[in-house]
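Below are the chains, spelled out letter by letter.
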Amino acid sequence: MAQWHRNIQDIITIIDACIRAQQDEALTLRALAQKLGYSEYYTSRKFRELAGMTLRDYLRLRRLAFALRDVRDSDAGILDIAVKYGFSSNEAFTHAFKKAYGVSPSAYRAAPGPVVLQTILRPFDCYLMEGASNMNETQNAGEVQTYFVHIPAHKFLHIRNYESIGYWDFWQRQSAIPGQDCETICGLLASIPGKLDDAGGTGKDAGSGQLMAWINEPTGRICSWGIPLAEAYGVRLSADYAGPVPAQMQLMDVPAGEYLVFEHGPFDFETQNAAVEAKVEQTMRDFDYAASGYRLDLTPDRVFYFYHDCARFFKYVRPVCRA
């Protein structure tokens with residue numbers, strides 16, 4: 001089964017690359033099955049089993065997610081966008097777009113609001129598979145950099161949980177709240193323009209600007225280092241952001257401040273994630289705050305950020321102030 005998780009993840013990576021390159025001939029069940037060396041029937045069945053939807057539906061929704069960004073962020077004509085993403089006509093594109101998002105492309109361009117995009121599926125997800133990240137932890141995970149940065153004032157659009165501890169527990173709890181499951185929240189955040197950390201990705205943990213965070217909150221659960229924190233998931237936005245806020249989220253002002261960063265560079269997700277996580281956490285435990293002249297800033301509403309993007313970095317950003 002672990003091999004099929006990797007096989008489906010390979011297909012998902014190929015799909016995004018082909019959509020970007022407009023290689024429609026490679027986006028057929030036959031072509032994808034041939035890459036894996038299995039029959040079309042078996043590939044289709046395993047995709048649906050592990051991804052929770054048919055390959056055809058996933059392709060359609062991913063094309064529409066890419067198209068929505070072009071509608072929102074470019075001046076390209078609606079018909080040109082339709083053709084670019086494999087729709088036979090403006091009418092076909094408009095019908096599919098409206099069915100997915102409840103609004104026509106032209107209406108969305110005139111007034112873009114939060115909609116649920118199909119983000120990148122993660123069949124092989126070390127967090128959601130509870131333990132799959134423990135593979136080959138003995139590999140060299142590289143070094144951890146430690147440095148101070150000043151982060152200007154900004155806004156944080158997010159959901160938060162006062163009781164959860166950790167990524168898995170957070171989404172388990174949120175899934176019990178209507179409209180706050182992982183798929184819905186990640187899809188909504190993907191449609192928000194102007195994310196400060198957006199590197200062009202289109203799903204969680206893929207440079208999409210989405211990240212976990214912990215907020216200094218007196219009513220939050222006590223974390224492992226003895227601080228009451230509320231766990232959160234969201235995106236950082238500019239201080240002057242005045243766009244829409246989804247009903248199930250909240251927008252907070254984060255003042256300018258000093259932060260201490262613990263950062264590990266790129267690593268192999270499947271084989272090194274657990275080792276990297278352990279090394280970063282050990283470095284945080286060993287850091288000598290007294291010698292640095294700083295201490296953790298426990299002022300209410302200061303935010304701890306966590307970035308997980310194996311192609312770029314794994315890092316914790318902790319608010320600090322002069323001791």
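A short tour of the structure in this document, coming up.

Parameters at a glance
- Counting restarts for each chain, with residues numbered from 1 along the sequence as it is written.
- Reporting of local features is limited, given that this is a predicted model, to residues whose pLDDT is at least 70; pairs of side-chain atoms are given and counted only at 80 or more, and all residues count toward the totals for whole chains, interfaces and linings.
- Only hydrogens and water are set aside when side-chain values are computed; all heavy atoms of the structure are taken into account.
- Each axis is a line fitted through C-alpha atoms, taken for helices only over the stretch in contact, and angles between the N-to-C directions span 0 to 180 degrees.
- Helix and strand assignments come from DSSP, with helices taken as H or I runs of at least 4 residues and strands as E runs of at least 2, each series counted from the N terminus.
- Angles below 35 degrees are treated as roughly parallel, those above 145 as roughly antiparallel, those between 65 and 115 as roughly perpendicular, and all remaining angles as oblique.
- Residue contacts are defined here by distance: any two heavy atoms, one from each residue, within 4.5 Å place the two residues in contact.
- Residue type decides the class: Asp, Glu, Lys and Arg count as charged, Ala, Val, Leu, Ile, Met, Phe, Trp, Tyr, Cys and Pro as nonpolar, and the leftover types, Gly among them, as polar.
- Throughout this description, buried means an accessible area under 20% of the type-specific maximum (1.4 Å probe, protein chains only), exposed means over 50%, and partly exposed covers the range between.
- Two N or O atoms form a polar contact when they lie within 3.5 Å of each other; inside protein one atom must be a possible hydrogen donor and the other a possible acceptor, and for residues adjacent in sequence the pair counts only when both atoms belong to side chains.
- Disulfides are defined as pairs of cysteine sulfur atoms found within 2.5 Å of each other.
- Two strands make a pair as long as DSSP finds a minimum of two bridges between them.
- The rule is short: rings of Phe, Tyr and Trp, with Trp giving its six-membered ring, pair when the centres are within 6.5 Å, and they are stacked under 30 degrees, edge-to-face over 60, tilted in between.
- By the criterion adopted, a ring carries a charge over it if an Arg CZ or a Lys NZ lies within 6 Å of its centre and within 35 degrees of its normal.

Let us look at the packing of helix α2 (residues 29–36) against helix α3 (residues 40–51). Direction vectors running N to C along α2 and α3 enclose 90°, while the axes themselves pass 9 Å from each other. Regarding the angle of α2 to α3, the classification is roughly perpendicular. Along the contact surface, α2 presents Leu29, Arg30, Ala33 and Leu36, while α3 presents Glu40, Thr43 and Ser44. The class makeup of the residues in the contact of α2 with α3 is three nonpolar, two polar and two charged.

So, on to unusual backbone geometry. Most peptide bonds are trans, and most residues other than glycine sit at a negative phi. Positive phi outside glycine occurs at glutamine 22, with the angle close to 55°. Mapped onto the elements, glutamine 22 comes out in the loop between α1 (2–21) and α2.

Take helix α9 (residues 182–190) next. α9 sits mainly inside the fold: eight of its nine residues count as buried. For α9, the full list of buried residues reads Cys182, Thr184, Ile185, Cys186, Gly187, Leu188, Leu189 and Ala190. The secondary structure elements touched by the buried residues of α9 are α4 (55–73), β2 (154–161), α8 (167–174), β3 (210–222) and β4 (228–238). Between the side-chain oxygen of the N-cap and the backbone nitrogen of glutamate 183 there are 3.3 Å, and the N-cap of α9 in question is aspartate 181.

This next bit is on the state of the cysteines. In the structure shown here, the tally under the stated rule is zero disulfides. Distance from the sulfur of cysteine 186, which forms no disulfide, to the nearest cysteine sulfur (cysteine 182) is 3.8 Å.

Counted residue by residue, β4 has nine buried out of 11 residues, so it is predominantly covered. Pairing between β2 and β4: eight bridges, direction antiparallel. Directly across from arginine 160, in β4, lies its bridge partner alanine 232. Note that β3 and β4 share nine bridges and pair antiparallel. Among the inter-strand pairings, arginine 221 is bridged to a residue of β4, identified as leucine 229.

The geometry of an aromatic ring pair is captured by the separation of the ring centres together with the interplanar angle, meaning the angle of the planes. What the rule picks out here adds up to 21 aromatic pairs. Seen from their ring centres, phenylalanine 97 and tyrosine 101 are 4.9 Å apart, and the 75° between their planes marks the pair as edge-to-face. Residue phenylalanine 97 and its partner tyrosine 101 are both found in helix α6 (residues 90–101); the two are separated by four residues, about one turn of the helix. On the basis of an interplanar angle of 25° and a centroid distance of 4.6 Å, the ring pair of phenylalanine 306 and tyrosine 316 is categorised as stacked. Taken together, the positions of phenylalanine 306 in strand β8 (residues 303–309) and tyrosine 316 in strand β9 (residues 313–322) put the pair 10 residues apart, joining distant regions of the chain. By relative accessible area, which is 11% here, tyrosine 316 ends up buried. A network of ring pairs unites the aromatic residues Phe87, Phe93, Phe97, Tyr101 and Tyr108 as a single cluster. Directly above the aromatic system of tyrosine 307 lies the positively charged group of lysine 315, at a separation of 5.0 Å from the ring centroid. Geometry around phenylalanine 313 places lysine 315 over its ring, the cationic atom sitting 4.3 Å from the centre.

Our next topic: the pairing of β2. Within a regular strand, side chains alternate between the sheet's two faces. Within β2, eight of the eight residues are buried, which leaves it mostly tucked inside the rest of the structure. Side-chain alternation along β2 places His154, Phe156, His158 and Arg160 on one buried face and Lys155, Leu157, Ile159 and Asn161 on a second face that is also buried. Pairing of β2 with strand β5 (residues 250–254) involves five bridges; the strand directions are antiparallel. Of the residues in β5, the one forming a bridge with histidine 154 is valine 254.

Close contact between α4 and α6 brings their axes to 11 Å; oriented N to C, the two are set at 100°. Judged by the angle between their axes, α4 and α6 are roughly perpendicular. Contacts between α4 and α6 involve Leu61, Leu64, Ala65, Ala67, Leu68 and Val71 on the former and, on the latter, Phe93, Ala96, Phe97, Ala100 and Tyr101.

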